[in-house]
Amino acid sequence: MIGADMNSFLSHLECAWCGETYEANQLWNLCPACGKPLLARYDLDAARSIFTRTAVQSRSPNLWRYAEMLPVQDPAFRISLGEGYTPLVKLNRLGAALGLKHLYAKDESFNPTGSFKARGLAMAVSRAAELGAKAVAIPTAGNAGSAMAAYAARIGLPAYIYAPQDVPAPFIAEMRALGAEVTLVEGLITDCARYVRQGVEEGRWFDVSTLKEPYRVEGKKTMGYELAEHFDGSLPDIIIYPTGGGTGIIGMWKAFGEMEQLGWIDSQRPRMISVQSTGCAPIVRAYEQGVEFAEPWQNARTIADGLRVPAAVGDFLILRAVRESGGTALAVEDEDTLLALTEIGSQEGLFVAPEAAATFVALKTLVERGDIQADERVVLFLTGTGLKYTHLINGPAH
Ligand SMILES: *Cc1c(COP(=O)(O)O)cnc(C)c1O
Ligand SMILES: [Zn+2]
């Protein structure tokens, strides 16, 4: 059960770049001192004896089962549509074809609105409402907007969405049906972000852009806690993650650190593999160049809309996680992604989004390179459903 007895151990916010600390019980966006993301910090020592893997086991199968390590204080603000605790599915046929004994998918299409964006937005909208926001706004490639609209509707906050004009029609329909005001913008998600910023300056709404507020990453970190539960207190050897803003990589990496301090896991970490499209690969380029920040990508183009993020505010955090883990970053061709999409569908029965399919292309490359051993445990993050991307199957890509 989600109980009123589960108390958040949130203690303060800390800038991921300059280390400045901030009081957590008010609305913050980026660090006022340096403009980088703020991260939530918890009293892990105090939580250690209460927030155990055993204690969590009997709780409701959604992400609020980790309430002690989540920021929402008042249980009335834990907005839920059943997000999180998604299945870990063994991919026997695809695994066998690649000579891998333990290939898994984390099937995030089970989340409300069909993608893992629900995790982050459940948290950001809940916390924004708890801290007194009167409206929320977001720039989006599709899934984040849908998720924000759903949670805003659920708690009764007006929702404003800015999306590139080529966002697939099912997203627009979904966002409007969920009550959001949708504005289509000529340009990319970075252009949409400008409109959202303008509304912030005018005091119209709170901006829930990823990593520009501290809590979406908290929602997404629950994927890390879930892996520790799925693997009984260990972690997989390799995580393959389709990267746009990188919130999930950053979140899981943060979760691993917390879990070690909480005594859930040891110091072993999965190799974190960041996957982008060759048409928009700022993180891959920065990884290859050995630099700490990613230059914005010019003329970003890919069928995987969630990967069309030319500049990520958390770039240095993605790169740190990839490097510290001994992982890598690689870009895949859209053409291969499309083939992978139907391969995953026809071989394993999962109709996934192109971002998700990109992870399988990356996996094949890593296997060919000899970077993965047959008995290693590999998890592909299948981040969303294919149902909003039927134009890729039936008709021309945009
Ligand atoms: C947003 C999105 C991504 C990228 O997620 P980040 O955590 O922002 O890197 C991947 N897949 C899908 C389906 C998405 O909607
Ligand atoms: Zn700072």
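Because the structure is predicted, anything quoted here is derived from the model rather than measured.

Undergrad: Run through unusual backbone geometry, naming residues and quoting values.
TA: Here the phi dihedral of Y85 falls at roughly 50°; this positive angle occurs in a residue that is not glycine. For N299, which is not a glycine, the phi torsion comes out positive at approximately 50°. Mapping N299 onto the fold places it in the loop between α10 (282-289) and α11 (315-324). By relative accessible area, N299 is classed as exposed at 71%.

Undergrad: I'd love a proper account of the sheet that holds strand β1 (residues 10-15), names of residues and values included.
TA: The sheet built from three strands is open, its strands ordered β2-β1-β3 with antiparallel pairing. Two strands lie at the open edges of the sheet, namely β2 (21-22) and β3 (38-42), each paired on one side alone.

Undergrad: I'd like a description of the pairing of strand β6 (residues 136-139), backed by residues and values.
TA: When a strand is regular, its side chains alternate between the sheet's two faces. Along β6, one buried face is formed by V136 and I138 and the opposite face, lined by A137 and P139, is buried too. Of the strand pairs in this sheet, β6 and strand β7 (residues 159-164) are connected by four bridges, and their pairing is parallel. Each bridged residue has a counterpart across the sheet, and for V136 the counterpart in β7 is A159. Assessed by its sense of winding, the connection that carries the chain from β6 through helix α5 (residues 143-155) to β7 is right-handed.

Undergrad: Go over the coordination of the zinc ion (ligand 2), please, and point to the residues and values.
TA: Within the protein, the zinc ion (ligand 2) binds to C15 (SG), C18 (SG), C31 (SG) and C34 (SG); these donor distances fall in the range 2.3 to 2.4 Å. The site at the zinc ion (ligand 2) holds four donor atoms, and with the angles between them running 97 to 117°, its shape is tetrahedral. Along the chain, the residues donating to the zinc ion (ligand 2) fall in the pattern C-x2-C-x12-C-x2-C. Linking C18 in the loop between β1 and β2 with C31 in the loop between β2 and β3, this pair joins segments that are 13 residues apart in sequence.

Undergrad: Outline the nonpolar core, listing residues and values.
TA: One finds F51, M69, Y225, M252, F256 and W264 to be the most contacted residues of the largest nonpolar core, which totals 60 residues. Counting residues per element, this core draws most heavily on helix α9 (residues 247-262), at eight residues. If near-sequence neighbours (up to four positions away) are discounted, Y225 is found in contact with F51, Y66, M69, A255, E258, M259, L262 and W264. Of all hydrophobic cores here, the second largest spans 34 residues; its members include A118, I138, Y151 and I161.

Undergrad: Tell me about helix α13 (residues 354-369), and please be specific about residues and values.
TA: Since one α-helical turn is 3.6 residues long, residues separated by three or four positions face the same way. Between its first and last C-alpha, α13 extends 23 Å over 16 residues, near the 22 Å set by a 1.5 Å rise per residue. When we look at burial in α13, the residues that qualify are P354, E355, A356, A357, A358, T359, F360, V361, A362, L363 and L366. G370 sits one or two residues past α13 and shows a positive phi near 80°.

So, how was this worked out
- Residues numbered from 1 in each chain as written.
- Chains lettered and ligands numbered in written order.
- Predicted model: local features only at pLDDT ≥ 70, side-chain atom pairs only at ≥ 80, totals over all residues.
- Heavy atoms only, no water.
- Helix = DSSP H or I, 4+ residues; strand = E, 2+ residues; numbered from the N terminus.
- Buried < 20%, exposed > 50% of the residue type's maximum accessible area, 1.4 Å probe, protein only.
- Pairing = 2+ DSSP bridges.
- Right-handed = clockwise from strand over helix to strand, strands pointing away.
- Donors = N, O, S within 2.8 Å, 3.2 Å for Na, K, Ca; no water.
- Tetrahedral: all angles 85-135°; square planar, octahedral: opposite > 155°, others 65-115°.
- Core = buried A, V, L, I, M, F, W, Y, C linked by side-chain atoms within 4.5 Å.
- Contact = heavy atoms within 4.5 Å.
- Expected span 1.5 Å × (residues − 1).

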